[in-house]
Structures are given as structure tokens and as C-alpha cells.
Amino acid sequence: MSKPPETFYPGPSRNHLAAFPPKERWNNWTEIDSQAWPRRKERHYSLVPTTCFNCESACGLLAYIDKVTGEVQKFEGNPEHPGSRGRNCAKGPATLNQIQDPDRILYPLKRTGKRGAGQWERTTWDAALDDIAGRIRKAIVEDRRNEIMYHVGRPGEDGFTERILAAWGVDGHNSHTNICSSGSREGYQLWMGLDRPSPDHANAKVILLISAHLESGHYFNPHAQRVIEGKANGAKLIVFDTRLSHTATHADYWVAPYPGSEAAMVLAIANYLIQNNLYNREFVRQWWNWEEFLQAGVKAKGEGETNETSQVGKGGLPPPTFEQFEGQLKQLYADYTFDFAAQESGVDAKTIEEIAKLIATAGTRFSSHNWRSVTSGVSGGWTVARAVFMLNALLGAIATEGGVFPNAWNKFVPKPIYTPPHPRMWNETQWPREYPLSMHEMSFLLPHFLRERRAKLDVYFTRVYNPVWTNPDGFSWIEMLTDPDLVGCYVALTPTWNETSYFADYVLPMGHGSERHDIHSYETHDAQWLGFRQPVKKADRQREGETIADTREVNPGEVWEENEFWMELTWRIDRDGSLGIRQFVESKKQPGTRLGIDEYYEWIFDNSVPGLPEKAAAEDLTPLQFMRRYGAVEVKQKVGKIYDEAVGEAELEDIREDALGRVFTRAAKPASSNVVPIPSPDGDDDGRRLVGVRVGDEIRRGFPTPSGKLEFYSRTISDWGWPEYALPTYIKSHVHPDNLEEDQTILISTFRLPVQIHTRSANAKWLDEIAHTNPLWIHTNHAAKLGVRTGDLLRVETEIGYYVVPAWVTEGIRPGIVACSHHMGRWKLSEQGQRQLMATVKLDHEGTEWGLKREKGAEPYESSDPDTLRIWWNDVGVHQNMTFPVHPDPISGMHCWHQAVRVRVADEGDNPGDVFVDTAKSREVYKKWLAMTRPADKYSPGGTRRPYWMLRPLKPAREFYNLQPQGNNK
Ligand code: SF4
């Protein structure tokens, strides 16, 4: 008998249909109630899409809403989502735990006692909004706009709140990025002008990962499934990780280098390609800025060497040739031998050579990714991302099938209904002149800056962010937040209690992923898509014909969604429109009234998403109804080599070409420019904009770098005071053996647990049962030397204090290095909090000395969820980040997380979870690192605070880049 033909889901997932309910039946889907077994009881569901909010990937979810109760029964994957294709990690379905969390915050709260005393009263949204809006209005009117700051952890929608701040005229966007991924971003941006890679893992021949991508990496599930697809198609996987991660267990080559040596290894691979002429010569000739490099006369080979100036191409000499460049390239990298890499990394030279030979076979099908990991761990970590991308640039594996795309080309950002102008100010508290090349705001230095009285804050928002727990040096944050002279009013926007919100003046309850709106798009593969997060109960009731004006009508308690909150707050700041702010949240349909959330998205979907109106019309739906029905739309399937596209005649008007072949035009940007790369925002002095770069006889789109090419040589780095790092190089980090004392070792403190989220998963019971503690990984030999076994207590001593943690003895880490996940050690000061994963602690404080002592771990408790009586775990780990001082990399601004520590057997009387810190020492370390910077005052080549071409959230108006501008420059 012949097998019936396989049936595949017709949407973007292309998975076997048996895995998903067909979309035609999403209005009434029937399942058998497992709990009624052995009776056969049918339950009927509306299936409503949304997107997960539990990491940055924004995978599609389908909420199963019971038609009788109106409640969500479960979340599964949305097969209509082109990024996640119906699949999720454990954190996606656990959204159900979050919305059913018996300890969640349901009503707006206002502090009554002292900050941190845990005394609150319920307040109304109206009262809170009026108070906060009044303060903000006053600060704006009194020209104290630098006292308003919004500090975001997990962004929901690309740019939404940045536009709100721009509407207020406030340069007050602060992010968590410099404790997360700035190191990688810096390395990528220097090469291609865009700060993230979009690897096409599924079509690669060889995949190199310097991160734990299969379990917790960037765009985790969408990328992980494509890495596995690539492997299934025969790709070889190489993983560099000091720790045997789950990702490493899937590798064909796993190497465990000394932390911080990765750039040396990667450059040795690059050197192998260079010396053996195994690079893509034509690609390098066309797309690297080698002419600029030769003209600059750089001969730097690495750290510590002086630059010399050659006369290539100067003073009437013949123009530089590519062959000259190739000769220099060979010289420049000749010292990066496999033996040198082996000496730095501790990895056998033969193994590195084998890896190099394998990579050489990949050609343009070489995909790579380096995110967080070492780039967030060590000083100079950004050079690792730069070195990794150099391999792609050598092989020409950029924007090719199986290669790596610049992120913005695989991402779709629609035009919003309003675009307020750039703020006319510069906030030095976030963008200080000491860090002109930092990738993001110097957010984790805030307590030190305020203490130095650089500024004070009148209104400080945190939004899904928990700096006391997440950032290094958390006690300095407590010192800042408890000082009303430094922070006038602190507003915590959060779905759950956290360590920082205890010190707030207002705690305002925000929705989880299935209770709010956002749109987003990420670089998951060579395509462009747009996802729609929505409050599923609202969408369900609208499907049934109800009118829902405000998400509070469907959310539990008075939980709100942020976009409505921000629009309402903005409206109240400028009710009469006299400040020019109100216009950005005003309805176009009914002028004089506030913009509603449906109109906001309706406008975007009607006007800014190519192809969506047609797709919707084909199903007799409006674009908004289509997005509410399916939760995502594919905008483009293959984007390809945008850099290589010829610039059309229509864009070439009164052009001027400079010595590097960059072409400037007077033609306006085409309306569709939001789906193509934006060349460098630099224009010429005569008002033209950069449109492309000459390659041979043609003007091509190029890359959004100052040269329009891939920048092997960074004039920016050189001009801003760091000429020794103008080329991809290796820097001996702050934890290099040369910089450690004899009894010190390295602590890797950055790794994620695949099933936890920084803060919001503390009451996700399914996840907590899987992972709830963070012992110290220590190698068998190391443990034997200390005489400890698994479970024995260790003290880990940092520069500013110590913590106490049980040992986990393993062969899965490089001998001599220790590691501890940062996902655990949550704490609360009273019963108020998430009781499934937060210990109750006593906070001791005398002068600058602070301590945490665990009074009680997790234990069973009665609640609306009977499962809370079944909690069997007690240990919830230790909060190690508090014992880390700030380590801002002087170039990228990234906090360098790896710590030089002493590990010893705990003292008698030490208990698991104990933490001690002296914040006076924190300040000493802060000053030591600050002294390493090369500030704009002294090094800016043109009197600006920062290169204008570099990415920056919420760019101020251009004149405010000047160190001495006219007007307000606070
Ligand atoms: S990878 Fe997991 S946590 Fe992240 S969005 Fe997807 S399902 Fe959610």
C-alpha cells in the first residue's frame, strides 16, 4: 500500500501539518479535555496569535482561549510566524505561568514609608498619571529636561518610547545594552556600519559560534532551529566556549579557550587564509577600504606598536595598488601563528589549524555569530566580534546564501504614524564625553555619575528593568535610589516585583507578552518579517464583535499596557497642546482627542507595510484584522546583496564623488528607504547625502560606513585617539594572565540558563522546577586542590567584596576557570515578591559596607495556584552581580563582566547566598577604569562629542553633537 502524501503547513513554518491546527479553524478549534479522561469531553478554543516577550527573539505564540471561560488555557507556537515557524523554547509556553502568577502586581501602588521600607498604598492610574505628568511638564518648562530619564531592560516595540521621548524633546533614553551586547555591536559596526550579524545558518557549510547559541543565544530559538537545520544538511559546527554549554555538546569542534584569548585564535585562522591566498580576492579588492588604509599609511600590527606613516599614494606618487595592500596584509598578520594562538588560548595549535582548514573550505557558505560571551566579558572584547567578521569579510561570505547579512537588511521597520523631531539637547549623564565611541548609554555608571553630582534626576522610569539585581555594583544603585537628592521620583513600570522596584515611589503594573501591543522584526534569516504582539483576550473579544477601548478592560486587576500608558502620559503632560507635545499622540481621525491604540496600528498596517493590504484584502480583512488574525506577515523572502545593488538613475542628481569613490547626491531618499540600508548619514558640506560608492564603472549601494565599504581600517578609531586599534587586532584583556595575581583566577559570570529570564520568570513554576539555583562550576582538578566536593561552600572574593556559593565539581569547564550563571540569586526584603524563586534576605548596612544574609529560601505556600504547595526546592542561588565593580571598556563602553577572583573554602559561619560589598571600593574601581578613557574633549577630531555616523538611540539634533553648541546642551 502506498504511503499517503505528506502534508505541510502552507504558512511560513512549512512544518508537518499534524503539528499545527490549520488556520481556517482558528476561530473554533476543538480539543479533548485531558483532565476529564476517561470521559471524552470536548473543549472549544479561539486561537489568537501574539508574540513571546521572554527574550529578544519575539517568537510567535498562539493563545488557546477557552470559548466558555474566556481564559487562556495554554500557549503553543504560531506556525504563521516566519521567524520562529511554530516553535518555541520552554519560556514561550511558560507565559501562562506568568499571567497566572499568584504574586503578580495587579494595581498601581504608591510608596507611603521611606524608600525601601516596603510600605505601599493602592492608588489610581489617574492620580499616578497626573502626578508624574505634572513633574515632567514642570521639568520641561523649567528647562530641566536632563532630569527626566527612561531606563529600559527588555524593549517591547522598536523605537516606540524613543519617539515618545523625542515628542517631549528629551534625550532621556537609557538602555541596558552596555551590560549586555555593546561589545559585539562595536566590533560589527566598525566593519559594516550596522551592529548585528544576521547569519544564514540553515544554508551554511561551516558554522562558527562564539556563544551558547543553541540554548540561549541572540534570537535564540529562531537561530537555534536554523543551526540544527544547517547541521542536518551537513554543516560542520565549531563552538568556542570555555564552558561545556549545551551548544558545545552539539559541536563537531568544541574548544575551551582561556577567556579573552578568542581574538588571537580567530586572527590566527585569518592569517592562515591570508598567507595561503585562501581568501576571496575579488571580494576583498572590491569591498574592503584598502585604498583608504594605504592612503592613511598605517603600519600598526597590534597592541603597543607605534604607527608609522608611509607615503603610499601621497605627494604625487602612483596611486596605491591592491597588490601592495595584499603584501601589507600578509605582513600585518604574520605573527598570528597557530603557535601564538595556542600560547594565548591554551588550545592545541593542531586543533586551531584543523579548524582553520575547515573554515577555508566553506567559501561564501560560512556563517558565524559572536554575541555576549567573551565580547561582554573582557576589556577589548569588541575585538573578538571584529576578528570573527573579518573571516566572513575574507571569504566574501557576506549577504550570501549560507553567509552573514548585516542585521538591518533582514529586519523590517515600518514608518510610524508620527515621527517627532530629534531632541534639541544632549544628555551627558548617558553619553558622557569620556566615552565618545561607546555603543550605547553608559547606563551602569549612573550611580557614580549622580554621586559626583554630574546631574540629578527628577523623574526616573525603569521599564522591565531591574538594575539593583541585573547590573554590577547593585549596592551603589541602592545608595542612589534611597537618596531623594539624587532621584526625585522613581517610577517602576513592571509586571512583577523585583529588587529595584522595592525602592520606587510608584510601582505601576504592566502587562506580560499576551497582555500588550508591540510590533517588531528581527534578523532571524535572509528575509524580512513583521510580528505583532497583542493582548489576546482583547483580540478574542473583538473577534466576537465587542468593542474594547483600553487593555485594562481585559487584563487582570488594573494591569495596563505600556503603549497606552505612554500615550496617555504624554497627553497629560501637554493637555492644551501649548508645549507642542500633544500633537504626537493626537488622533488623526478625530482631532482633539487622544490617539487610540487601534488607530495607531491601523495607520501603520494600512500605510507602511508593503504587501500587507493586498494580503489582507485577499482574505476580505483589513490589514489590522489580518495582523490580529495571524500575528505576523512576511514582507520579503530573500533580501540578498543589497550592498551590491546599483544605485538607480533617479537617485543620482547633481552628484559629487570624493577621493574614496563615495558618491553624494541631491536626490531625496526614496519613499521605500525603510526597507533598504541607509548609507552613512554623513552628507557632504554642500547639502548632498551619501547615496553609494563607486565600484568599477558602477555606483553601488555599499555599506553604511564612513567609506561606504567594509572597514578593515577604521579611520574613526584612529582619529578618535586609538590609532593602535585601527585594524582588527587582539588586545590582552583585564583578565589576561599578565594582569592576574598568582592566587587569582577568572570567574565567568555571564552565562544564561536556557529556561530562565532575568527577572520576570521568578514565578514561572514550570521553569523554576527545571532550574532554580546557580552553583559555582569548578573543574575536578581545581576542586581537588581546594579539597572541596560538590555541595561544599566556597567564598568567591572580588575586588569589592565576596559571595558564598556551593561548588559544582565538573569536567565541563577549562581547569582553573570558574563559572556561575547570573540568572539566579533573586531576593526580597519581605514576603512581598515572587515566592517561588526569591529568597527572603536581611539587608545590613553600615557606612559603605553592605551585606545580604538569606533568612529563608523558597518554600511551599498557599495561593490561588495549588501547585505552590508542591514547591520542593529551597535553594534559589546567590546574587553574584552585586559583588562586581563596574568595568567599562574605554572604547565600546561595555561592562566587562569577567572577574579576577580568589576562590577559597568558605569560613565557618558563612551561609549559601551571603553577599558582602564595600561601595567605597566600588568607587575606587570606577575611577581606575575612568582614567583609561580618551575623552572627546581631548581627542575629538572635529570638536564633536561622538562620530555622527555611529548608531545611537534617539539621536539629538546634529548641532548638539558639538562639544560647544548653542543653547541647552545638558
Ligand atoms: S526563544 Fe523562547 S523566550 Fe525567546 S521569544 Fe522565543 S519562545 Fe520566547
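Our structure's up above, just so we're on the same page.
What counts, and where the lines are drawn
Residues numbered from 1 in each chain as written. Predicted model: local features only at pLDDT ≥ 70, side-chain atom pairs only at ≥ 80, totals over all residues. Heavy atoms only, no water. Helix = DSSP H or I, 4+ residues; strand = E, 2+ residues; numbered from the N terminus. Rg over C-alpha atoms; globule rule 2.2 N^0.38 Å. Buried < 20%, exposed > 50% of the residue type's maximum accessible area, 1.4 Å probe, protein only. Contact = heavy atoms within 4.5 Å. Lys, Arg positive; Asp, Glu negative; His and termini not counted. Charge placed at Lys NZ, Arg CZ, Asp CG, Glu CD. Near = heavy atom within 4 Å. Nonpolar A, V, L, I, M, F, W, Y, C, P; charged D, E, K, R; others polar. Pairing = 2+ DSSP bridges. Phe/Tyr/Trp six-rings, centres within 6.5 Å; stacked < 30°, edge-to-face > 60°. Lys NZ or Arg CZ within 6 Å of the ring centre and 35° of its normal. Axes fitted to C-alpha atoms, helices over the stretch in contact; angles between N-to-C directions. Parallel < 35°, antiparallel > 145°, perpendicular 65-115°, else oblique. Left-handed = near helix turned anticlockwise from the far one by under 90°. Salt bridge = Lys/Arg side-chain N within 4 Å of Asp/Glu carboxyl O. Core = buried A, V, L, I, M, F, W, Y, C linked by side-chain atoms within 4.5 Å. Polar contact = N/O pair within 3.5 Å; in protein donor to acceptor, adjacent residues only side chain to side chain. Expected span 1.5 Å × (residues − 1).

Just to check I follow, could you spell out the overall build of the chain for this structure?
A count of helices and strands for the chain gives 27 helices and 34 strands. In terms of overall size, the chain behaves like a compact globule, its C-alpha atoms giving a radius of gyration of 28 Å where 970 residues would be expected to give roughly 30 Å. When each of the 970 residues of the chain is scored for burial, the buried share is 65%. For the chain, restricting intrachain contacts to residue pairs at least 6 apart in sequence, the fraction spanning at least 24 positions comes to 72%. Looking at charge distribution, the chain has the averaged site of its 113 positive side-chain charges lying 1 Å from that of its 128 negative ones.

So what exactly am I meant to see when it comes to the site of the ligand here?
Around the ligand, the neighbouring residues are Cys52, Asn54, Cys55, Ser57, Ala58, Cys59, Asn88, Cys89, Lys91, Gly92, Phe220 and Asn221. For the shell around the ligand, a count of residues per class yields 6 nonpolar, 5 polar and 1 charged.

What's the story with the environment of Leu329 in this structure? I'm lost.
Within the element layout of this structure, Leu329 appears in helix H11 (residues 322-333). For the pair Leu329 and Asn271, spaced 58 residues apart in the sequence, the C-alpha separation amounts to 8.9 Å. If sequence neighbours within four positions are ignored, Leu329 has contacts with Ile274, Trp288 and Phe712.

Explain the pairing of strand S33 (residues 899-905) to me, please; I cannot follow it from the model alone.
It is a general feature of regular strands that their side chains alternate between the two faces of the sheet. Bridge count for strand S25 (residues 745-748) against S33 is 3 bridges, and the pairing is antiparallel. Considered in S33, the bridge of Ile746 is made with Ala900. Of the strand pairs in this sheet, strand S27 (residues 793-797) and S33 are connected by 4 bridges, and their pairing is antiparallel. Residue pairing for S33: Val796 is matched across the bridge by Val903.

Sorry if this is basic, but what is going on with helix H18 (residues 536-543) here?
Since the α-helix turns once every 3.6 residues, residues separated by three or four places project in the same direction. When H18 is considered as a whole, its buried residues turn out to be Val536, Lys538, Ala539, Asp540 and Gln542. Of the surrounding elements, those touching the buried residues of H18 are strand S2 (42-51), strand S3 (60-66), strand S4 (72-77), helix H20 (597-607) and helix H22 (623-630).

Even after reading the chapter, I still don't get the packing of aromatic side chains, so can you show me in this structure?
For the structure on display, the rule yields 55 aromatic pairs. Plain terms: the ring middles of Phe293 and Phe325 are 5.6 Å apart, the flat faces sit at 80° to each other, and that makes the pair edge-to-face. Highlighted residues: Phe293 in helix H10 (residues 290-296) and Phe325 in helix H11, separated in sequence by 32 residues. The buried category is assigned to Phe293, whose relative accessible area is 0%. Here Phe325 falls in the buried class, since its relative accessible area comes to 0%. With 4.9 Å between their ring centres and 80° between their planes, Trp426 and Tyr961 make a pair best called edge-to-face. Taken together, the positions of Trp426 in the loop between strand S14 (404-406) and helix H15 (446-451) and Tyr961 in the segment after helix H27 (936-939) put the pair 535 residues apart, joining distant regions of the chain. Each member of the pair, Trp426 as well as Tyr961, carries the same accessibility label: buried. It is Arg952 that lies over the ring of Trp426; its NZ or CZ is 4.6 Å from the centre.

Just to check I follow, could you spell out the packing of helix H4 (residues 182-192) against helix H14 (residues 382-395) for this structure?
Between two packed helices, the angle of one axis relative to the other and the distance separating the axes together describe the packing. Running from N to C, H4 and H14 cross one another at 40°; their axes reach a closest spacing of 7 Å. Regarding the angle of H4 to H14, the classification is oblique. The two elements H4 and H14 meet at a crossing, and its hand is right-handed. Contact residues: Gly183, Ser184, Glu186, Gly187, Tyr188, Leu190, Trp191 and Met192 in H4; Trp382, Ala385, Arg386, Val388, Phe389, Met390 and Ala393 in H14. Partitioning the contact of H4 with H14 into residue classes produces 10 nonpolar, 3 polar and 2 charged.

Can you walk me through the side chain of Arg85 in this structure?
Here Arg85 shows up in the loop between S4 and helix H1 (95-99). Arg85 has contacts with Pro12, Ser13, Asn15, Phe20, Asn78, Pro79, Gln225, Arg226 and Glu229, leaving out every residue within four places of it along the chain.

Explain the environment of Ser718 to me, please; I cannot follow it from the model alone.
Considering the arrangement of structural elements, one finds Ser718 in helix H23 (residues 715-719). Sequence-wise, Ser718 and Val647 are 71 residues apart; in three dimensions their C-alpha atoms are separated by 30 Å. Excluding residues within four positions of it along the chain, Ser718 makes contact with Tyr713, Pro723 and Ala726.

Teacher, can you tell me more about the sheet that holds strand S12 (residues 253-255) here?
Judged by pairing direction, the sheet is parallel, and its 4 strands sit side by side in the order S12-S11-S10-S13 without closing on themselves. With one partner strand each, in any of the chains shown, S12 and strand S13 (366-370) form the two edges of the open sheet. Direction aside, neighbouring strands of the sheet carry axes that sit 10° apart on average. Pairing between strand S11 (residues 236-240) and S12: 3 bridges, direction parallel.

What am I meant to see in the pattern of salt bridges here?
Close approach of charged atoms lets side chains of opposite charge pair. The full count for this structure, using the stated rule, is 88 salt bridges. Between Asp865 and Lys765 there is a salt bridge, with its nearest N and O atoms 2.7 Å apart. Here Asp865, found in the loop between strand S32 (849-856) and S33, pairs with Lys765, found in helix H24 (residues 765-770); they are 100 residues apart in sequence, far enough to count as distant. A relative accessible area of 14% places Asp865 in the buried class. A single salt-bridge network, built from bridges that share partners, covers Asp126, Asp130, Glu568, Arg572, Arg575 and Arg594.

Which parts of the structure should I look at to understand the sheet that holds strand S24 (residues 698-700)?
For sheets, the rule is that strands pair by backbone hydrogen bonds, running either parallel or antiparallel. Pairing within the open sheet is antiparallel, and its 4 strands lie in the order S21-S22-S23-S24. For this open sheet the edge positions go to strand S21 (656-657) and S24, each flanked by a neighbour on one side alone. In this structure, strand S23 (residues 689-695) lies alongside S24, joined through 3 bridges in antiparallel fashion. The residue of S24 that forms the bridge with Val693 is Arg700.

Help me understand the nonpolar core, please; the structure alone is not making it clear to me.
Nonpolar side chains tend to gather and get buried jointly when the protein is soluble and globular. Grouped together as the largest cluster of nonpolar side chains are 169 residues, with contacts concentrated most on Trp288, Leu710 and Phe712. Of the residues forming this core, the biggest block, 11 residues, is contributed by helix H8 (residues 262-275). Those residues within four positions of Leu710 in sequence are excluded, and the remaining contacts are Trp191, Met192, Phe283, Trp287, Trp288, Asn289, Phe389, Ala393, Ile398 and Phe703. Membership of the second largest hydrophobic core comes to 67 residues, among which are Tyr600, Val609, Ala616 and Tyr630.

What is the right way to look at the environment of Leu727 in this model?
Along the polypeptide, Leu727 turns up in the loop between H23 and S25. For Leu727, a relative accessible area of 4% corresponds to the buried category. A sequence separation of 536 residues divides Leu727 from Trp191, and the C-alpha atoms of the two residues are 9.9 Å apart.

Hey, could you run me through the side chain of Thr95 in this one?
As for its position among the elements, Thr95 is in helix H1. One polar contact links the side chain of Thr95 to the main-chain carbonyl oxygen of Gly92, over a distance of 2.6 Å. When neighbours within four sequence positions are excluded, Thr95 is seen to be in contact with Cys52, Asn54, Leu61, Phe75 and Ser514.

Would you explain the pairing of S13 in this entry?
A large share of S13 lies buried, amounting to 5 of its 5 residues. Burial along S13 is two-sided: the face carrying Phe366, Ser368 and Asn370 and the face carrying Ser367 and His369 are both buried.

I tried to follow helix H19 (residues 562-573) on my own but got confused; where do I start?
Taking 1.5 Å as the rise per residue, H19 with 12 residues should run 16 Å; its terminal C-alpha atoms sit 16 Å apart, in good agreement. The buried fraction of H19 is high, at 12 of 12 residues. For H19, every residue scored as buried is listed here: Glu562, Asn563, Glu564, Phe565, Trp566, Met567, Glu568, Leu569, Thr570, Trp571, Arg572 and Ile573.

I keep staring at unusual backbone geometry and nothing clicks. Help me out?
Where the residue is not glycine, phi is negative for most of them; where a peptide bond is considered, it is trans in most cases. A cis amide bond links Trp37 with the next residue in sequence, Pro38, at an omega value of 10°. Tracing the backbone shows Pro38 in the loop between strand S1 (29-32) and S2. One non-glycine residue with positive phi stands out, namely Ala58, at about 55°. Position of Ala58 relative to the elements: it lies in the loop between S2 and S3.

Such coordinate-based values are descriptive only and should not be taken to indicate function.
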